[in-house]
Amino acid sequence: MLSLLGKRLLQTVPTLIIVLFVVFVAARLIPSNPIQIIMGQHTNAAEEKVLKHEYGLDKPIPIQFLDYLWGLLHGNLGQSYIQRGVSVSSILSSEFPVTMQLAFQSLLFAIVLGLPLGTLAAIFHNQWPDRLAMLVVIALISIPSFVLGPILILEIALQLHWLPVAGWDSPVYTVLPTITLGARTAAQLARFQRTSLLDVLSQDYIRTARAKGISQWNTIRRHALKNAALPVITAIGLNFGTLLTGSFVVETLFHVPGIGYQSIQSITNRDYPVIQGVALLVALVFITVNLITDLLYRLVDPRVRDMEQVS
């Protein structure tokens, strides 16, 4: 366990450096710069030169990147160019919990909807519950969040007045963003659960259990579900990272004050330090989720531990 953690932590360092460098360069390739955004129409060449020197933007990009890495080593993510005097750390610490809450709620919604749907489809394979479940899955996968969100706003919020249109003031405000963000993931989990469970139910030991007189429900509960869990755990881990990045569109659509909404504003305003801070945070989340997924593999399936010991 400790050796696995050590190897993964060592692998994260070059990964983070590459991600940061790509984002660092890409942000500076966007037309215009933060100085022009700050100064607006009253652009003055002399003042622009002074501000560039103040922010270090007059240095070559490799030197700027090295300065940024040096700041990271000292725990300094920099300060926002647009929100003068506000550190990137304070922006992320205030807005990331909102994004995490939305992602966790969406993942929970996806698990509660998707896993039973996939299980039902596998148990009643090629029967009407299976066809109905797959019809729901195809519909949810086919509708992207930027289409589903406006539909829910129009029908549920504006037409029926059941839920508020946008905001994040109380739990009722989180319902529409959660459904919008989690619907596609629910469909994907349902497909993974159905495929994995069908594969397990066709194995010889399942037929042996049934031949011994064990009921279908007990066979599924005791043997099939656990053995079908590995691919589903992978899907859950990967989709959690996707929910974090996919929340950018949903947060903007529903005016959720998370890092997704903040990142869109930062890109619009060319606020380089905030863009880099968000990229670093998302990369760390992806790495952490993948590590947790690997650890869950070892807990769910002892064969993974045995294979590692042999290798």
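Look a little higher up for the structure.
Trainee: Could you clarify how one ought to interpret the overall build of the protein chain in this entry?
Mentor: When helices and strands are tallied, the protein chain shows 14 helices and 0 strands. Tracing the protein chain from N to C terminus, the helices and strands come up as α-α-α-α-α-α-α-α-α-α-α-α-α-α. The proportion of buried residues among the 311 residues of the protein chain is 41%. Put simply, of all contacts in the protein chain between residues at least 6 apart along the chain, 72% involve residues at least 24 apart. Taken as a whole, the protein chain presents about 16,900 Å² of accessible surface, with 67% of it coming from carbon and sulfur.

Trainee: Sorry if this is basic, but what is going on with a nonpolar patch on the surface here?
Mentor: Among the surface-exposed residues, Ile-143, Phe-146, Val-147, Ile-151 and Val-249 lie close enough to one another that they form a single nonpolar patch of about 400 Å² accessible area. Looking at which element gives the most residues to the nonpolar patch, the answer is helix H7 (residues 145-159), with 3 residues. Residue position: Val-249 is located in helix H11 (residues 229-254). Assessed through its relative accessible area of 41%, Val-249 is described here as partly exposed.

Trainee: Would you take a moment to explain the side chain of Gln-262 for this structure?
Mentor: Summarising the element assignment, Gln-262 is placed in helix H12 (residues 259-269). By relative accessible area, which is 10% here, Gln-262 ends up buried. Ignoring sequence-local partners within four residues, the contact set of Gln-262 consists of Gln-83, Ile-91, Glu-95 and Val-274.

Trainee: Any chance you could explain the packing of aromatic side chains here in plain terms?
Mentor: The final tally for this structure, using the stated rule, is 5 aromatic pairs. Between Phe-21 and Phe-65, the ring centres sit 5.1 Å apart and the planes meet at 75 degrees, which makes this aromatic pair edge-to-face. Of this pair, Phe-21 sits in helix H1 (residues 2-29) while Phe-65 sits in helix H4 (residues 61-73), and the two are 44 residues apart along the sequence. Overall, the relative accessible area of 6% leaves Phe-65 in the buried class. Where Tyr-81 meets Tyr-272, the ring centres are 6.2 Å apart and the plane angle is 70 degrees; that geometry is what we call edge-to-face. A residue pair is termed long-range when its members are at least 10 positions apart, and Tyr-81 in the loop between H4 and helix H5 (88-123) and Tyr-272 in helix H13 (residues 272-300) qualify at 191 residues. In this structure, Tyr-81 and Tyr-272 share a single accessibility class: buried. Here the aromatic cluster, defined as three or more aromatic residues joined through ring pairs, consists of Phe-21, Phe-24, Phe-65 and Tyr-68.

Trainee: Teacher, can you tell me more about the nonpolar core here?
Mentor: Generally speaking, a soluble globular protein has its nonpolar side chains buried in company with each other. Among the nonpolar cores identified, the biggest contains 42 residues, and Leu-92, Leu-176, Phe-240, Ile-259 and Val-278 are the most heavily contacted of them. When residues of this core are traced back to their parent elements, those giving at least two are H1, H4, H5, H7, helix H8 (175-201), H11 and H13. When residues in this core are grouped by element, the largest group, 9 residues, is from H5. Apart from the residues lying within four places of it in its own chain, the contact partners of Phe-240 are Met-100, Ala-103, Phe-104, Leu-107, Val-285 and Val-289. Within the second largest apolar cluster, 9 residues are counted, among which are Leu-57, Tyr-81, Tyr-272 and Ile-275.

Trainee: Which parts of the structure should I look at to understand unusual backbone geometry?
Mentor: Note: most peptide bonds trans; most residues except glycine with negative phi. In this structure, His-255 takes a positive phi of about 55 degrees despite not being glycine. Its location among the elements puts His-255 in the loop between H11 and H12. Looking at His-255, the relative accessible area reads 49%, which means it is partly exposed. Phi at Arg-270 takes a positive value of approximately 55 degrees, unusual for a residue other than glycine. Residue placement: Arg-270 occurs in the loop between H12 and H13.

Trainee: Can you walk me through helix H6 (residues 128-142) in this structure?
Mentor: In a regular helix each residue adds 1.5 Å, so 15 residues correspond to 21 Å; H6 covers 21 Å between its end C-alpha atoms and thus fits that length. Of all the positions in H6, only Pro-129, Asp-130, Ala-133, Met-134, Val-137 and Ile-141 are classed as buried. Taken around the axis of H6, the buried residues stretch over an arc of 125 degrees, which confines them to a single face. Exposed residues pointing more than 90 degrees away from the buried face of H6 are listed as Trp-128, Arg-131, Leu-135, Ile-138 and Ser-142.

Trainee: Explanation requested: the packing of H5 against H8 in the structure shown.
Mentor: If you want to describe how two helices pack, look at the angle between their axes and the distance between the axes. Across the interface, H5 lies against H8 with an axial gap of 6 Å and an inter-helix angle of 35 degrees. As for the relative orientation of H5 and H8, their crossing is right-handed in sense. Along the lines of polarity and charge, the residues of the contact of H5 with H8 split into 19 nonpolar, 9 polar and 1 charged.

Trainee: When you look at the pattern of salt bridges in this model, what are you seeing that I'm missing?
Mentor: Scanning all chains against the criterion turns up 2 salt bridges. Between Arg-194 and Asp-130 there is a salt bridge, with its nearest N and O atoms 2.9 Å apart. You can see Arg-194 sitting in helix H8 and its partner Asp-130 sitting in helix H6, a full 64 residues away along the chain. Residue Arg-194 is classed as buried on the basis of its relative accessible area, which comes to 17%.

Criteria and cut-off values
Residues numbered from 1 in each chain as written. Predicted model: local features only at pLDDT ≥ 70, side-chain atom pairs only at ≥ 80, totals over all residues. Heavy atoms only, no water. Helix = DSSP H or I, 4+ residues; strand = E, 2+ residues; numbered from the N terminus. Buried < 20%, exposed > 50% of the residue type's maximum accessible area, 1.4 Å probe, protein only. Contact = heavy atoms within 4.5 Å. Areas by Shrake-Rupley, 256 points an atom, 1.4 Å probe, with all protein chains shown as cover. Patch = residues over 30% accessible without salt bridge, like charges linked within 9 Å, V, L, I, M, F, W, Y side chains within 5 Å. Salt bridge = Lys/Arg side-chain N within 4 Å of Asp/Glu carboxyl O. Phe/Tyr/Trp six-rings, centres within 6.5 Å; stacked < 30°, edge-to-face > 60°. Core = buried A, V, L, I, M, F, W, Y, C linked by side-chain atoms within 4.5 Å. Expected span 1.5 Å × (residues − 1). Arc of directions from axis to C-beta. Axes fitted to C-alpha atoms, helices over the stretch in contact; angles between N-to-C directions. Left-handed = near helix turned anticlockwise from the far one by under 90°. Nonpolar A, V, L, I, M, F, W, Y, C, P; charged D, E, K, R; others polar.

Remember that the coordinates give geometry; whether it matters functionally is a separate question.
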